[in-house]
Amino acid sequence: MSKTADDALKNPARLDLAHFLDMIPYAQFLNISIDQKGNELTTIMRFDTKIIGNPVLPALHGGAIGAFLETTSIIQVAFETGITAVPKPIGLTIDYLRSGRPVDTFARAQITKQGRRVATVYAEAWQEDRSRPITAAHGHFLLKATDE
Amino acid sequence: MASEFHLSQERIDQVKTWMIQYVPHALALGMTIVEAKAREAWITLPYDKKLIGNVETGVIHGGVITAMLDNACGAAVQLALTERMSIATLDLRIDYMKPATPGEALMGHAHCYKVTKNIAFVRGTAYHTDEDDPIATCVGTFMLAANRAAPSEYAQATINVQED
């Protein structure tokens, strides 16, 4: 890891989120950005035809929404723990609640439990109405120190 | 019951084409269904820099594997139905066993082992060349006739697409 990313990530208060996203090309492919308001993060996945799964309805691809929630979880874990490496997913369970419409999607994640090696995370994605989530996911992520 | 299930070659070829050609996200990622038979599908996804999850390792993002397995599972469900039906992923659980090797293509194999009136049950594996050495495994359920308004519309629209 570069020295600057290292320093930024070591201190959650100064975590350079844009730089963190730069480390994840796939997040850029999905047009994912982060909106930070103090200590709260909301991720945004801009609509693009390439994330459509069913062009007839149309509906977003479940895999793209799953990847979005996984990325949101990874960002939240990095943000809260200030760890210096991208957390590795161990397992992820995704519940598809409503079909994703062809508009921008938002997500937030929260750490349910953080241990020394593993963090348990819950994430939800929504579109127009936060109280009507389209997808929910919970997963486990391995926290890896740089010296490992 | 299971052994009596027969799927026409026409239907198999239809699923092979439709589950990629009419799925923009599958096309965008570069997926291809390389093999298909009743209830089972094999998808391949070549390595690409845009799919990387961590620039320092070059390892493919877990979400890419999610998308590939979701698509493979959806194809397996269609291959367990004699007629096309609108389906939607209800849940998908993925376990990541090891990181994908940078530079190597991904393979995904899904098997729809049970279909009921409303729900199809699927499991899948992601690997490079040896399915016994998996990168990830998944289990999922799909709703059948997911959008009640969809089947007729869906059929009509896909016919239109086919004629284009």
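Residues numbered from 1 in each chain as written. Chains lettered and ligands numbered in written order. Predicted model: local features only at pLDDT ≥ 70, side-chain atom pairs only at ≥ 80, totals over all residues.

### Let's talk about the overall build of chain B
Reasoning step 1: Looking only at helices and strands, chain B has four helices and eight strands in total.
Reasoning step 2: Its helices and strands in sequence order give chain B the pattern α-α-β-β-β-β-α-β-β-β-β-α, from N to C terminus.
Reasoning step 3: The burial tally for chain B puts 40% of its 164 residues in the buried class.
Reasoning step 4: Taking all contacts inside chain B whose residues are at least 6 apart in sequence as the whole, residues at least 24 apart take part in 64%. (Helix = DSSP H or I, 4+ residues; strand = E, 2+ residues; numbered from the N terminus. Buried ≥ 20, exposed ≤ 12 C-beta atoms within 10 Å, placed from the backbone. Contact = placed C-beta atoms within 7 Å.)

### Details of helix α3 (residues 62–78) of chain B
Reasoning step 1: Between its terminal C-alpha atoms α3(B) stretches 24 Å, which fits the 24 Å expected from 17 residues at 1.5 Å a residue.
Reasoning step 2: Taking burial as the measure, the 17 residues of α3(B) include 17 buried ones, the bulk of the element. (Expected span 1.5 Å × (residues − 1).)

### Overview of the sheet that holds strand β2 (residues 40–45) of chain B
Reasoning step 1: Ordered in space as β1(A)-β2(A)-β6(A)-β7(A)-β8(A)-β5(A)-β5(B)-β8(B)-β7(B)-β6(B)-β2(B)-β1(B), the twelve strands form an open sheet in which the pairing is antiparallel. The sheet terminates laterally at β1 (32–37) of chain A together with β1 (32–37) of chain B, the two strands that pair on one side only. Here the average twist between neighbouring strands, direction ignored, is 20°.
Reasoning step 2: Sheet topology places strand β6 (residues 106–115) of chain B next to strand β7 (residues 119–127) of chain B; eight bridges connect them, and they run antiparallel. Paired with B:Met107 across the strands is B:Tyr127, a residue of β7(B).
Reasoning step 3: Of the strands in this sheet, β5 (88–96) of chain A together with β1, β2, β5 (87–96), β6, β7 and β8 (136–144) of chain B are in contact with α3(B), which crosses β6(B) at around 40°. (Pairing = 2+ DSSP bridges. Axes fitted to C-alpha atoms, helices over the stretch in contact; angles between N-to-C directions.)

### A few points about the confidence of the model for chain A
Residues and elements named next belong to chain A.
Reasoning step 1: Of all residues in chain A, 86% have pLDDT values of 70 or greater, and the mean over the chain is 88.
Reasoning step 2: Across chain A, the element-wise mean pLDDT spans from 45 in helix α1 (residues 3–10) up to 97 in strand β7 (residues 118–126).
Reasoning step 3: In the model, residues 1–9 has pLDDT below 50 throughout and makes 17 contacts with residues more than four positions away in sequence or in other chains. (pLDDT = per-residue confidence, 0-100.)

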